[in-house]
Amino acid sequence: MCAVKRMEVFEAIAKRRSVRKYKSDPIPEEALLRVLEAARLAPSAGNRQPWRFVVVKDAGRRAEIAKAANDQRFVAEAPVVIAVIGESKESRWYKQDPMIAAEHVCLEAAELGLGTCWVGAFSEPEVKRILKIPEESSVICLIPLGYPAESPNARGRKAIGEVFFAEEYGRPYPA
Ligand SMILES: Cc1cc2nc3c(=O)[nH]c(=O)nc-3n(C[C@H](O)[C@H](O)[C@H](O)COP(=O)(O)O)c2cc1C
């Protein structure tokens, strides 16, 4: 095997899971700030950074958000919910860029032993109302964040031969 420098980021990628059960233990502020910094350092088209992040700790607000997220109760269980917002006035990549930042959040959280889950099923008008998000802004996703109270098994992924192609679409890579 060729000498590949071991990259810690791969460990975080491999161990991340969607966590849907959380302990109520608070997240140390240092860890929370680190996770947010990972979002802030994400790449964006033209470095426009058309993102905002609302950090929600208040239990009442979290419960309201969980309700707005198709009543997915686990969202309120996590001690923190991060609402990831895209600013369409700042970039035409206002959806893609915040999504990259959101995944940075999930990976850095995994590195720190914190659980997350992408939540895309929610009523945008409701979340906007609860968090006082301006009309022209878009809610891209919600990320509950907390110490996991479950260790989910890895979900399966499509086979390598199904998703990697060599030179041309449909020609398996590696051959
Ligand atoms: C854009 C997006 C939206 C998602 N929305 C939800 C959701 O609303 N509720 C939920 O429980 N999981 C949601 N998920 C999590 C996926 O179900 C999960 O990533 C997938 O099943 C793979 O599992 P893993 O994350 O543990 O590898 C979402 C994931 C993505 C990327």
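A short tour of the structure in this document, coming up. None of these values were measured; they are calculated from a predicted model.

1. Things to note about the pattern of salt bridges
In total, this model carries 11 salt bridges according to the counting rule given. The residue Glu 108 makes a salt bridge to Arg 34 at a minimum N-O spacing of 2.8 Å. Taken together, the residues span a long stretch of sequence, with Glu 108 in helix α5 (residues 96–111) and Arg 34 in helix α2 (residues 29–40) at a distance of 74 residues. Residue Glu 90 is joined to Arg 52 by a salt bridge in which the shortest nitrogen-to-oxygen separation is 2.5 Å. Taken as a pair, Glu 90 in the loop between β2 (80–87) and α5 and Arg 52 in strand β1 (residues 51–56) lie far apart in primary sequence, 38 residues in all. You can call Glu 90 partly exposed: its relative accessible area is 27%. Through salt bridges with shared partners, one network takes in Arg 34, Glu 108 and Glu 111.

2. A closer look at the sheet that holds strand β4 (residues 137–146)
If you walk across this open sheet you meet the 4 strands as β1-β2-β4-β3, and the pairing is antiparallel. Edge strands, defined here as strands with exactly one partner in the open sheet, are β1 and β3 (115–116). Across 8 bridges, β2 lies against β4 in antiparallel orientation. Its bridge partner being in β4, Ala 83 is matched across the sheet by Leu 142. Packing against the sheet, helix α6 (residues 124–131) makes contact with β1, β2 and β4, and its axis sits at approximately 75 degrees to β4.

3. Concerning α2
Here α2 spans 16 Å end to end across 12 residues, near enough to the 16 Å set by a 1.5 Å rise per residue. For α2, every residue scored as buried is listed here: Ala 31, Leu 32, Val 35, Leu 36, Ala 38 and Ala 39. For α2, the buried positions fall inside an angular range of 150 degrees around the axis, keeping them on one side. When the buried face of α2 is taken as reference, the exposed residues oriented beyond 90 degrees from it are Glu 30 and Arg 40. Against the buried residues of α2 lie β1, β2, α5 and β4.

4. Focus on the packing of helix α3 (residues 59–68) against α6
Here α3 crosses α6 at 170 degrees, and the two axes come no closer than 9 Å. Here α6 runs roughly antiparallel to α3, going by the angle between their axes. Taken together, the residues of α6 that come into contact with α3 (itself represented by Arg 61, Glu 64, Ile 65 and Ala 68) are Glu 126, Val 127, Arg 129, Ile 130 and Leu 131. Split into classes, the residues belonging to the contact of α3 with α6 amount to 5 nonpolar, no polar and 4 charged.

5. What to know about the site of the ligand
Around the ligand sit 13 residues in total, of which Arg 16, Ser 18, Arg 20, Gln 72 and Arg 157 are the nearest. Between the ligand and Arg 155, the relevant distance is 2.9 Å, taken from an oxygen atom to a side-chain nitrogen or oxygen of the residue.

6. Concerning α5
Here α5 spans 23 Å end to end across 16 residues, near enough to the 22 Å set by a 1.5 Å rise per residue. Considered for burial, the residues of α5 that qualify are Asp 97, Pro 98, Ala 101, Ala 102, Val 105, Cys 106, Leu 107, Glu 108, Ala 109 and Ala 110. Contacts from the buried residues of α5 go to α1 (8–15), α2, β1, β2, β3 and β4. Once α5 finishes, Gly 113 follows within two positions and takes phi at roughly 80 degrees, a positive value.

7. What to know about the nonpolar core
Counting residues in each nonpolar core, the largest one holds 22 residues, and the members touching the most others are Ile 65, Val 75, Val 119, Val 127, Leu 131 and Leu 142. Where this core is concerned, the elements lending two or more residues are α3, α4 (74–77), β2, α6 and β4. In this structure, Val 80, Val 84, Ala 102 and Ile 140 belong to the second largest nonpolar core, which totals 21 residues.

What counts as what
- Residues numbered from 1 in each chain as written.
- Predicted model: local features only at pLDDT ≥ 70, side-chain atom pairs only at ≥ 80, totals over all residues.
- Heavy atoms only, no water.
- Salt bridge = Lys/Arg side-chain N within 4 Å of Asp/Glu carboxyl O.
- Helix = DSSP H or I, 4+ residues; strand = E, 2+ residues; numbered from the N terminus.
- Buried < 20%, exposed > 50% of the residue type's maximum accessible area, 1.4 Å probe, protein only.
- Pairing = 2+ DSSP bridges.
- Contact = heavy atoms within 4.5 Å.
- Axes fitted to C-alpha atoms, helices over the stretch in contact; angles between N-to-C directions.
- Expected span 1.5 Å × (residues − 1).
- Arc of directions from axis to C-beta.
- Parallel < 35°, antiparallel > 145°, perpendicular 65-115°, else oblique.
- Nonpolar A, V, L, I, M, F, W, Y, C, P; charged D, E, K, R; others polar.
- Near = heavy atom within 4 Å.
- Polar contact = N/O pair within 3.5 Å; in protein donor to acceptor, adjacent residues only side chain to side chain.
- Core = buried A, V, L, I, M, F, W, Y, C linked by side-chain atoms within 4.5 Å.

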